[in-house]
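# Examining the three-dimensional arrangement
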Amino acid sequence: MAHSDLLLYHVEYSFYSQRVRIALAAKGLSYRKYHISFGEYENITPWFMRLNPLGKVPVLVHNNTVIPDSERILQYLDDAFPETPRLTPDESTQEGRRCKYFKKLCSKISPEVLTLNVPLLPEQSGAGHASTIFGPSIIKMGRKAFHEIIPVKCEEYAKLHPELKEAYEKKSEAGRKITLDPDVDEMQMMLHLTDDVMTKLEIELERNTENTTEGETQWLCGENFTSADIYWSVMLYRLEQIGLQKRYWADGKRPHVDEYYKQIRKDENFIKSEPSFCVTLWDVVRPKLPWILAFGFAASAVVYCGRYALMKGWKAGNFSVAPLQFLSPLPSVIWVWNWKSWKDGYTYASYTV
């Protein structure tokens, strides 16, 4: 369904942005996307802070209406496009009450607490290998961005744009609350709470299975895909991305959650919403591209010049064996090293806004 007047400001690996992308896909609504570059701190630029004073994604713009916050956006889509499948059923119905229950259950888990701590404390959390985008080095730099870089930038913007001073002060204060070091106690409390929540989800899914005819697709609230499934799709995906699937459901731990997540991963709406690594990669590359190119070319030039000089000496009879033939692949090695250095040192402002 064509709706070119829908514009979504989002980030590919943003937890809450993915909720909205799934909702738009489930409703069959076409829309334009604007990727906010956290690598360049675009979420705290004045133009974006005017859209959403919290400096967070997602933000949906429909004609002249600006809607921030994923939960509000999902409700707005139901109200603005009644001809599309409704994602949040009426609470007066059993389906609606179940939807509310599953969303409330999911909201007990804090993706921010887990994302900012688990990759840095794999032994204490029992986590397996996290995806590259949530690797320890990136999470460390993300914490530094929150605690040090964003508050400074907010102070600078507040001086230039006094009408946004209050919004920038709140954003700066929120950033400083995120410490440079992980909080073990906070993480452990959230991990245990998540264990309890996942047990309740497993029990509910087992009941659903008992009431489902063989071959019938069953979602959390019945036959229809609802906002409750959107909430849990994104939550389970994030838990997998930070390496917690084995702790919570894989390898027979919670078989009904495991089957439910497999069903989610095959769902067309989820597939359409899955974060694009290529877009995120460009977000990583863009701020550092001049330095990457400059260093790469300079290193290659040094290697080739040195090799040329030594080969010239060999041809003149100064060496009995051709020296440093092994230098031929060195430019490529240098480029790979350079790639890893800027990737590991990349500062990402937030993946969970």
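Residues numbered from 1 in each chain as written. Predicted model: local features only at pLDDT ≥ 70, side-chain atom pairs only at ≥ 80, totals over all residues. Heavy atoms only, no water.

Counted by the stated rule, this structure contains 0 disulfides. With no disulfide of its own, Cys-99 lies 4.6 Å from the sulfur of Cys-221, the closest cysteine sulfur. (Disulfide = S-S within 2.5 Å.)

All right, on to the confidence of the model for the protein chain then. Residues with a pLDDT of 70 or more make up 77% of the protein chain, whose mean pLDDT is 86. Note that residues 332–353 has pLDDT below 50 and, in this model, 73 contacts with residues that lie over four places away or in other chains. (pLDDT = per-residue confidence, 0-100. Contact = heavy atoms within 4.5 Å.)

Before going further, it helps to spend a moment on the nonpolar core. Of all hydrophobic cores here, the largest spans 75 residues; its most connected members are Met-198, Leu-220, Trp-232, Leu-236, Leu-239 and Trp-249. If you tally residues by element for this core, the top one is helix 10 (residues 227–241), at 9 residues. If you look at the next biggest cluster of nonpolar residues, it comprises 9 residues, including Ile-36, Phe-38, Val-57 and Val-59. (Core = buried A, V, L, I, M, F, W, Y, C linked by side-chain atoms within 4.5 Å. Buried < 20%, exposed > 50% of the residue type's maximum accessible area, 1.4 Å probe, protein only. Helix = DSSP H or I, 4+ residues; strand = E, 2+ residues; numbered from the N terminus.)

The subject of this paragraph is the packing of helix 4 (residues 94–106) against helix 10. Between helix 4 and helix 10, the shortest axis-to-axis distance is 8 Å and the interhelical angle comes to 20°. Taken together, helix 4 and helix 10 sit at an angle that is classed as roughly parallel. In this structure, helix 4 crosses over helix 10, and the sense of that crossing is left-handed. Facing helix 4, whose interface residues are Cys-99, Phe-102, Lys-103, Leu-105 and Cys-106, helix 10 presents Ser-227, Ala-228, Tyr-231, Trp-232 and Met-235. When grouped by side-chain class, the residues that make up the contact of helix 4 with helix 10 number 8 nonpolar, 1 polar and 1 charged. (Axes fitted to C-alpha atoms, helices over the stretch in contact; angles between N-to-C directions. Parallel < 35°, antiparallel > 145°, perpendicular 65-115°, else oblique. Left-handed = near helix turned anticlockwise from the far one by under 90°. Nonpolar A, V, L, I, M, F, W, Y, C, P; charged D, E, K, R; others polar.)

This part is about the packing of helix 4 against helix 9 (residues 184–210). Where helix 4 meets helix 9, the closest approach of the two axes is 10 Å, and the angle between their N-to-C directions is 150°. Between helix 4 and helix 9, the angle is such that the two are roughly antiparallel. Considering only the axes of helix 4 and helix 9, their crossing is left-handed. Taken together, the residues of helix 9 that come into contact with helix 4 (itself represented by Arg-98, Tyr-101, Phe-102 and Leu-105) are Val-197, Lys-200, Leu-201, Glu-204 and Asn-208.

Scanning all chains against the criterion turns up 2 cavities of 30 Å³ or more. For the second largest cavity, the calculated volume is near 50 Å³. In terms of lining residues, the second largest cavity is bounded by Glu-12, Tyr-13, Ser-14, Phe-15, Gln-18, Phe-134, Val-234, Tyr-237, Arg-238, Gln-241 and Pro-275. Breaking the lining of the second largest cavity down by element, the ones donating at least two residues are helix 1 (15–27) and helix 10. Among the residues making up the lining of the second largest cavity, the classes are represented as 6 nonpolar, 3 polar and 2 charged. (1 Å grid on protein atoms, 1.4 Å probe; cavity = no way out; pocket = protein on both sides within 12 Å on 5 of 7 lines; lining within 4 Å. Points joined across faces, edges and corners; volume = space filled by probe spheres on them.)

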